[in-house]
Amino acid sequence: MVKKKHYRPAGKKKEGNAARYVTRSQAVKQLQVNLPLFRKLCILKGIFPREPKKKVKGNHHTYYHLKDVSFIQHEPLLERMRYIRAYEKKVKKAEAKKNKDRANLLRQRRPTYKLDKVILQRYPKFIDALRDLDDCLTMVHLFAALPAIEDRIDVKRIQNCQRMSHEWQAYISRTHKLRKVFVSVKGIYYQAEVKGQLVTWLTPHPLQQVLTEDVDFNIMLNFLEFYEALLAFVNCHLYRSINAKYPPILDPRLEAFAAELYALSRYIDANSRSSLLDPQVSLLPGSGKVESQKNKDLVDESDLRLAQLQHQLPSNEPGALMRLIDNVPGEDEEDNDTMMCKGLFKDMKFFLNREVNRESLLFVIPAFGGIVSWKGEGAPFEEDDNSITHQIVDRPLQHEHHEGRKYVQPQWVYDCVNAKKILPTQDYLAGRSLPPHLSPFVDPKEEGYVPDYALKIEQWKAAEILPLPGVGKDDLEDPQNFANLEKAKEAAKFDKKMEALKEEYFDGLKAELKGVLPSSSTSNVDNQISAKVTEDGEESGPDYEQIAKDKEEMELLLISKKKKGLYEAMKKGKKRKQDNVEVIKERKRKLKESEKSRGH
């Protein structure tokens, strides 16, 4: 008997996707807001469009889940937005009636809103905020490098982004949490490890940015508004974890010299050292000195704040934040990576020329234990300091060399950071063509192609950490010889495995002669290993490739059609990757041939 289709009278309750999802126009009508305000609320609350299995209204609509729309409908921020919109109408009405006094009074009393509760709802724990910090940092660093444009980007917004980005960099630098740096065409990629979470962000190059007309800055500014609040909460939590007050009070003189990152470092250094004082010290003799020192620090802070308010000094570059976080005591026990990063540039003093990216190097070098200065006002030491070990230049030298100082290009710093080792400076000297800048975010072994310079770096590490017996410096100079050494190691491991299997096989034979039944493992060895002694007296092992191939064919017969399709797609991906590797090798071979022909 055929079951009749369920009849639903008109106006009754809907079911299925028609009841769970609504279109964007339906959501706007339900919330009684305009489209820009609906977009802003979705951005602030973290609500995104959905893709239902069956699109009831058609494929040309954008769908939202009904629960998400109800979530926005009960948000107190929605009522606040409606009140602000009604208040703006009052201002426009006063301007239309040419009542300037009332219009100015209404502008001064313009209502605002805060995103504190929204941040707490979206990120109940601090780790949740760190996991979602990648896009936030990228957006804030992008707007910190943009120019202020009237009626599009406010200058206060730019300055706020610069301040918060430098606060983040100062914390990462002085707590030695930076792990990877890669300079690409898009910008500079950084990766830091904070509270066990890897945070990756992109900063633009310090060049003049040109704004295009095809970008909707209203939507980007809505995202930026939320990201500013999020990063402010994260910076506040991180600074308090190292016993530093937030927001920091900077030295106004260093701010005037565009050295914010350096001033931040000094601030964190002073706060962290003062926090080392035990509160029980007041019970011991000499506690009056401690109290007087605390009072003096308070007076100094108030003077700095007063100077800031009086002079209204600009704060747009990272040098003033740098010395604040030196020798931070508030962190937990440092792990091995932090200890290694802390001592990479130990006992090294760097001086930056004018043409290099000062902001990036002021961030990277102290993060790995180095001391850095630059050419300009507010620098900690001058260029003629005899204790300088490395000078970072990006142009051919036009002046005399200082004895005992190495003139290297900026890539040397980044390659040392990624290799976690001080590399030789011969290939990075001023005026020389640089070696390839390898990305630390790509694993060459997984890609199937290991560049020669990566092999060269590995050979330097092997020669310094694990010297091999019978291997000289001449053998380690050629990357191909180093690759042969790796193959030899793998062959030695295989030989050891074969020896263990052979011993297990002979033990099984002895047990069988004594009348003891062989174990399952011994029988497996007997089935797979039938060693034959050749004329030369060498033993030939089983054909593992054929065994693996037969096993793969048997498994393919047992799996479902869907899984077989996924397996074929994986094989195609591996084949495509291998073809790309072959193309790279062919280009490399042609390049070597052309270099040889030029040499002749």
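None of these values were measured; they are calculated from a predicted model. (Residues numbered from 1 in each chain as written. Predicted model: local features only at pLDDT ≥ 70, side-chain atom pairs only at ≥ 80, totals over all residues. Heavy atoms only, no water.)

Overview of the overall build of the protein chain
In plain terms, the rule: Numbered from the N terminus, helices here are DSSP runs of H or I no shorter than four residues, and strands are runs of E no shorter than two. Throughout, the Shrake-Rupley method with a 1.4 Å probe supplies accessible areas, and for residues the shown protein chains are the sole cover considered.
Helices and strands together make up the secondary structure of the protein chain, namely 24 helices and 12 strands. When the accessible area of the protein chain is evaluated, it comes to approximately 38600 Å², of which 52% is carbon and sulfur surface.

A closer look at the environment of R109
On the secondary structure map, R109 appears in the loop between helix 6 (100–108) and helix 7 (116–122). Along the backbone, R109 and Y87 are 22 residues apart, and their C-alpha atoms lie at a distance of 9.8 Å.

Let's talk about the packing of aromatic side chains
Selection rule: By convention, a stacked pair of Phe, Tyr or Trp rings (six-membered ring in the case of Trp) has centres within 6.5 Å and planes under 30 degrees apart, an edge-to-face pair has planes over 60 apart, and any other such pair is tilted. Exposure categories follow from relative accessible area, calculated using a 1.4 Å probe and restricted to protein chains: below 20% of the type maximum is buried, above 50% is exposed, and the middle band is partly exposed. Throughout this description, the term charge over a ring refers to an Arg CZ or Lys NZ atom that lies within 6 Å of the ring centre and within 35 degrees of the ring normal.
Taken as a whole and assessed by the stated rule, the structure comprises 16 aromatic pairs. With centroids separated by 6.3 Å and ring planes inclined at 90°, the aromatic side chains of Y453 and W460 adopt a geometry described as edge-to-face. Side by side, Y453 and W460 carry an identical accessibility label, which is buried. Over the ring of F381 we find K349, and its NZ or CZ is 4.1 Å from the ring centre.

Considerations on the sheet that holds strand 8 (residues 371–374)
Sheet strands line up and pair through hydrogen bonds in the backbone, either parallel or antiparallel. What counts here: In this scheme, strands are said to pair when DSSP sees at least two bridges between them. The angle between two axes is taken between their N-to-C directions and runs from 0 to 180 degrees, where each axis is a line fitted to C-alpha atoms and a helix contributes only its stretch in contact. In this description, contact between two residues means that some pair of their heavy atoms is separated by no more than 4.5 Å.
Strand order in the open sheet formed by four strands is 8-7-9-10, with parallel pairing between adjacent strands. Lying at the two open borders of the sheet, with one neighbouring strand each, are strand 8 and strand 10 (406–408). With strand direction ignored, the average angle separating the axes of adjacent strands in the sheet is 25°. The pairing of strand 7 (residues 349–352) with strand 8 spans four bridges and is parallel. Paired with K349 across the two strands is I371, which belongs to strand 8. Packed on one face of the sheet, helix 16 (residues 358–367) meets strand 7, strand 8 and strand 9 (390–392) and runs near 160° to strand 8. Against the sheet, helix 17 (residues 410–419) makes contact with strand 7, strand 9 and strand 10, and its axis sits at roughly 115° relative to strand 9, the strand it touches most.

Description of a nonpolar patch on the surface
Heads up, the rule is: Candidates for patches are residues over 30% relative accessible area with no salt bridge; among them, like charges are joined within 9 Å and nonpolar side chains (Val, Leu, Ile, Met, Phe, Trp, Tyr) within 5 Å. Whenever a carboxyl oxygen of Asp or Glu lies within 4 Å of a side-chain nitrogen of Lys or Arg, that contact is scored as a salt bridge.
On the surface, a nonpolar cluster with roughly 400 Å² of combined accessible area is contributed by M554, L557 and L558. Within the secondary structure layout, L557 lies in helix 23 (residues 544–558).

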